[in-house]
Amino acid sequence: MPQLFQSYISPSLPRGVYAVSTPPPASITPTGTGNSIAVAQFPWGPAKTLTYPGSMPAFWATFAPAGMTRTGGAHLSTIRKGWPSLGGVRVIGPTAAAATCVLQTSGAATVLTLTALYPGTQGNSIIATIAAASDGVSGHYKLTVQVSSASGTTTEIYDNNNQTGTGTAALPNFTGSLLIASGVAGTNGTIANGATTMSSGTNGTVAALQYIGTPGANDYGFALLEADNTIDGIFTDDNSGLSGVNAGLVAHLAITQDRIGYLSGVAGQTAAQAQTDVANYRSVNAVYVDPWVMVADDTTGAVSNQPGACWAASVAAQIPPSLSISARMATVGNLLRGISSLEANRSFNKAANTAAGIATLIPGNQGGYTFEAGVNTSLVSGQTNLTRTRMGIYIARSAVNAWYPYVDAPSVPFFQQDLINSAFSFLSTLRQNSKTNPAVLPYIVNFDMPVSGLNTAAYIAAGGYDVAANIQIGANMSRISLSLTYGETVTIAAT
């Protein structure tokens, strides 16, 4: 007896009625827009690699554990703001080295050599302390590894270790450690009790190359991000002492085209200087933020100056791509509450800054802070709004990801129409979002789908197929007015 469900109705089947299980038609699933990357000189963490710790507590434990310096620009760029998803690339010099220490017997014989988990000078603050083991066996030891400062303390305890040469050897297991990479056994013996500070950790000398990397080489900085097509935004810490980093970021954006780069000029520049500087970084994918901002660190509460770029990256990551980072609604303004003050008040320069392609932070009329305009650095008419770029990326990436299974499918109406239908459904949902909750949901105003002129017989025979769509992105109400006719003699129409 034939099976009820058939994948294909073959002529060899007996006459009868069968059910055919068909795959569902294509559907375009929206991509996220909140995946941000910090490329910065963090005090700790994996060097020269892109890392996604998974949560903000895990991010800080990875790149700046409690007890390490948390007052530098890299760490400050990540605090007092929200991140739906934040990855990090730690920038460090090519000759950086990890700290080490040797734990010895009272006779100076090395029993165990510890190496810090990551390279850098912060490893020189780690203290390894040997004490008697809890099991009470003579010669066994308890190892406590700790780093402590005003930012807090990270402590790891490894108990009941045995390297005496008598009984079963047991070395500390550093799997999951935030501080130690390895412990290498030396001679057998009893380690003398006491504290030893790790040393010889270095950061090396950081140059612009460590931020930029070599395109296509997957070696440093931005180059490490080229293969990750889930990235939505990139920012750096203060790199103003390294010429070329901002230009390198814009060059990376030109290569990838599917993400936004957020950059700032140097601290202390005037509005006129910012307007001159931004001309070096023209791109629909770049956002230049001015001025710098003052932020309280999370160690002592002291206020420090930092580039404003990270704030634009954070706001964009938390709102739909069709909503401007300059929207004055409270849900957007509240995302900037972590700012203590601005380095300079650009209220009198905001119009000129916007005309130059600068996203300007200013005091809000009702308190707090806001962006004057959500613009990119392009001056091409019709392409200056960041919402246009972000929605273009959002729509295109969603379709590209959803349609990948159709590559090399038969080029026949069955599959071609499937692509058209999925695009129509996706765009219809975006259009409907404009009537439901456009402050929360990505939206478009309208669209149509004309027959593509590319789909000639020759084009299709060569392996091509094009789905065409004209999409109207929503404009922003940048200038709202109330037209009044008023006075004692004004005539009011009957209602």
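None of the values given here were measured: they were computed from a predicted structure.

Undergrad: I would appreciate a short explanation of the overall build of the chain in the present structure.
TA: Across its full length, the chain holds 11 helices and 22 strands. The C-alpha radius of gyration computed for the chain amounts to 29 Å, which surpasses the reference 23 Å derived for 495 residues by more than 25%, pointing to a less compact arrangement than a globule. For the chain, the spread of C-alpha atoms along the three principal axes comes to 95 × 90 × 45 Å. Expressed as a percentage of its 495 residues, the buried residues of the chain come to 43%. Considering only intrachain contacts with a sequence separation of at least 6, the fraction spanning at least 24 residues in the chain is 65%. In the structure as shown, the chain presents an accessible area of about 23800 Å², 55% of it carried by carbon and sulfur atoms. In the chain, which carries 19 positive and 21 negative side-chain charges, the distance between the mean positions of the two groups comes to 6 Å.

Undergrad: I would appreciate a short explanation of helix H9 (residues 386-403) in the present structure.
TA: Helical geometry note: an α-helix holds 3.6 residues per turn, so side chains three or four residues apart project in the same direction. The end-to-end C-alpha separation of H9 is 26 Å, in line with the 26 Å expected for 18 residues at 1.5 Å each. Regarding H9, the residues found buried are Leu386, Thr387, Thr389, Arg390, Met391, Ile393, Tyr394, Ile395, Arg397, Ser398, Ala399 and Ala402. Residues of H9 that are buried make contact with strand S14 (260-264), strand S15 (286-290), helix H6 (309-318), helix H10 (413-436) and strand S22 (470-472).

Undergrad: Sorry, what's going on with the nonpolar core here?
TA: As a rule of thumb, soluble globular proteins bury nonpolar side chains together. If you look at the biggest cluster of nonpolar residues, it comprises 38 residues, and the most contacted ones within it are Phe235, Tyr262, Val315, Ile325, Ile339, Leu361 and Phe371. The element best represented in this core is H6, accounting for 7 residues. If near-sequence neighbours (up to four positions away) are discounted, Phe371 is found in contact with Val289, Trp311, Ala312, Val315, Ile325, Ser326, Arg328, Leu336, Ala359, Thr360 and Leu361. In this structure, Val250, Leu263, Ala274 and Tyr288 belong to the second largest nonpolar core, which totals 24 residues.

Undergrad: For this particular structure, what's the right way to read the environment of Tyr369?
TA: Along the polypeptide, Tyr369 turns up in strand S20 (residues 369-371). The class of Tyr369 is buried, set by a relative accessible area of 18%. C-alpha separation for the pair Tyr369 and Leu335, spaced 34 residues apart in sequence, amounts to 9.3 Å. For Tyr369, the side chain forms a polar contact with the main-chain oxygen of Ser340, separated by 3.3 Å.

Undergrad: Would you mind showing me how to read the packing of H9 against H10 here?
TA: Any two packed helices are characterised by how steeply their axes cross, that is the angle between the axes, and by the distance between the axes. Two elements in contact, H9 and H10, have axes whose closest approach is 11 Å; the angle formed by their N-to-C orientations is 145°. Here H9 and H10 pass one another in a crossing that is right-handed. Contacts between H9 and H10 involve Met391, Tyr394, Ile395, Ser398 and Trp403 from the former and Leu419, Ser422, Ala423, Phe426, Leu427 and Leu430 from the latter. Residue composition of the contact of H9 with H10, by class: 9 nonpolar, 2 polar and no charged.

Undergrad: Explanation requested: the packing of aromatic side chains in the structure shown.
TA: Remark: the centre distance and the inter-plane angle together describe each pair of aromatic rings, the angle taken between the planes. Scanning the entire structure with this criterion turns up 11 aromatic pairs. A centroid spacing of 4.7 Å and a plane angle of 40° characterise the contact between Phe59 and Phe63, whose relative ring orientation is tilted. Placement of the pair is Phe59 and Phe63 together in helix H1 (residues 56-63), with a separation of 4 residues, close to one helical turn. Taken individually, Phe59 and Phe63 each receive the classification buried, so the pair is uniform in this respect. Note on Phe414 and Phe415: the rings are 5.0 Å apart at their centroids and 85° apart in plane angle, and the pair reads as edge-to-face. The class of Phe415 is partly exposed, set by a relative accessible area of 26%. Sitting over the face of the ring of Trp311, Lys81 holds its NZ or CZ atom 4.0 Å from the ring centroid.

Undergrad: Where do I start with the pattern of salt bridges in this structure?
TA: Here the idea is simple: oppositely charged side chains can pair when their charged atoms come close. Taken as a whole and assessed by the stated rule, the structure comprises 5 salt bridges. The salt bridge involving Arg397 is made with Asp232; its shortest N-O contact spans 2.7 Å. On the criterion of sequence distance, the pair formed by Arg397 in helix H9 and Asp232 in the loop between helix H3 (208-212) and strand S13 (233-236) is long-range, its members being 165 residues apart. Like Arg397, the residue Asp232 is buried in the burial classification. Residues joined in a network through salt bridges with shared partners are Asp232, Asp258, Arg259 and Arg397.

Undergrad: How should the pairing of S14 be read in this particular structure?
TA: Along a regular strand, successive side chains alternate from one face of the sheet to the other. Burial runs high along S14: 5 of the 5 residues are buried. The two faces of S14 match: Ile260, Tyr262 and Ser264 on one face and Gly261 and Leu263 on the other face are all buried. Pairing of S13 with S14, which is carried by 2 bridges, proceeds in the parallel orientation. Following the sheet pairing, Ile234 is matched in S14 by Gly261.

Undergrad: Would you mind showing me how to read unusual backbone geometry here?
TA: The phi torsion of most residues other than glycine is negative, and most of the peptide bonds are trans. Residues Asp290 and Pro291 are joined by a peptide bond in cis, for which omega reads 0°. Examined against the element boundaries, Pro291 turns out to sit in the loop between S15 and strand S16 (293-296). Non-glycine residue Asn160 carries a positive phi angle of around 60°. If you trace the backbone, Asn160 turns up in strand S10 (residues 152-161). Taking the relative accessible area as the measure of exposure, Asn160 reaches 32% and is therefore partly exposed. Despite not being glycine, Gln257 has its phi angle at roughly 65°, a positive value.

Undergrad: What is the right way to read the environment of Asn239 from this model?
TA: Within the secondary structure, Asn239 is located in the loop between S13 and helix H4 (245-256). Among the residues examined, Asn239 registers a relative accessible area of 9% and is labelled buried. Sequence separation between Asn239 and Ala181 is 58 residues; the distance between their C-alpha atoms is 29 Å. Those residues in contact with Asn239 that lie beyond four places of it in its chain are Tyr211, Val245 and Asn246. In terms of polar contacts, Asn239 uses its side chain to reach the side chain of Thr236, at 2.6 Å.

Rules of the game
Residues numbered from 1 in each chain as written. Predicted model: local features only at pLDDT ≥ 70, side-chain atom pairs only at ≥ 80, totals over all residues. Heavy atoms only, no water. Helix = DSSP H or I, 4+ residues; strand = E, 2+ residues; numbered from the N terminus. Rg over C-alpha atoms; globule rule 2.2 N^0.38 Å. Buried < 20%, exposed > 50% of the residue type's maximum accessible area, 1.4 Å probe, protein only. Contact = heavy atoms within 4.5 Å. Areas by Shrake-Rupley, 256 points an atom, 1.4 Å probe, with all protein chains shown as cover. Lys, Arg positive; Asp, Glu negative; His and termini not counted. Charge placed at Lys NZ, Arg CZ, Asp CG, Glu CD. Expected span 1.5 Å × (residues − 1). Core = buried A, V, L, I, M, F, W, Y, C linked by side-chain atoms within 4.5 Å. Polar contact = N/O pair within 3.5 Å; in protein donor to acceptor, adjacent residues only side chain to side chain. Axes fitted to C-alpha atoms, helices over the stretch in contact; angles between N-to-C directions. Left-handed = near helix turned anticlockwise from the far one by under 90°. Nonpolar A, V, L, I, M, F, W, Y, C, P; charged D, E, K, R; others polar. Phe/Tyr/Trp six-rings, centres within 6.5 Å; stacked < 30°, edge-to-face > 60°. Lys NZ or Arg CZ within 6 Å of the ring centre and 35° of its normal. Salt bridge = Lys/Arg side-chain N within 4 Å of Asp/Glu carboxyl O. Pairing = 2+ DSSP bridges.

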